[in-house]
Amino acid sequence: ALFFQNGTPITDPETMYASNPHAAYLDGASIIINHADLHHPIIAQLCENLQQTFPHVYANAYITPASSHAVEAHADDRDVLVVQILGKKKWKVYKKVPV
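What counts, and where the lines are drawn
- Residues numbered from 1 in each chain as written.
- Predicted model: local features only at pLDDT ≥ 70, side-chain atom pairs only at ≥ 80, totals over all residues.
- Heavy atoms only, no water.
- pLDDT = per-residue confidence, 0-100.
- Helix = DSSP H or I, 4+ residues; strand = E, 2+ residues; numbered from the N terminus.
- Pairing = 2+ DSSP bridges.

## Digging into the confidence of the model for the chain
No. 1: The predicted model of the chain has a mean per-residue pLDDT of 90, with 99% of residues at 70 or higher.
No. 2: The element-level mean pLDDT for the chain is lowest in helix α1 (residues 13–17), coming to 90, with helix α3 (residues 41–50) highest at 96.

## Digging into the sheet that holds strand β2 (residues 8–9)
The pairing of strands in a sheet happens through backbone hydrogen bonds and is either parallel or antiparallel.
No. 1: Strands sit in the order β2-β1-β3-β4 across an open sheet of 4 strands; the sheet is antiparallel. Either end of the sheet is taken by a strand with one partner, and the two such strands are β2 and β4 (61–63).
No. 2: The pairing of strand β3 (residues 30–33) with β4 spans 3 bridges and is antiparallel. Within β4, the position partnered with Ile33 by the bridge is Ala61.

## As for the pairing of β3
One face of the sheet, then the other: side chains in a regular strand alternate in exactly this way.
No. 1: Relative to β3, strand β1 (residues 2–5) runs antiparallel, the two being bridged by 3 bridges. Looking at β3, one finds that Phe4 is bridged to Ser30.

So this is what it looks like as structure tokens:
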């Protein structure tokens, strides 16, 4: 897992949080799991189903505390489908890339 706090990577979460993601989250850190499809069978099945239409599919999972953000505004180098399953967030879609 990766840990970010308001756009800044936490480079040593093991020392700061004793490898406890719950403590990191309570301290305002976002937790990112890249390729979550490799860790959860339901997410893996969703990706496999989407691969019937799209050639390359994988899933990343983010959990971010209220009033926080994982990363700064950026552009992805691939198409992205965002599914928010809990809470609320104001998403911004830019005409010009803010990079």
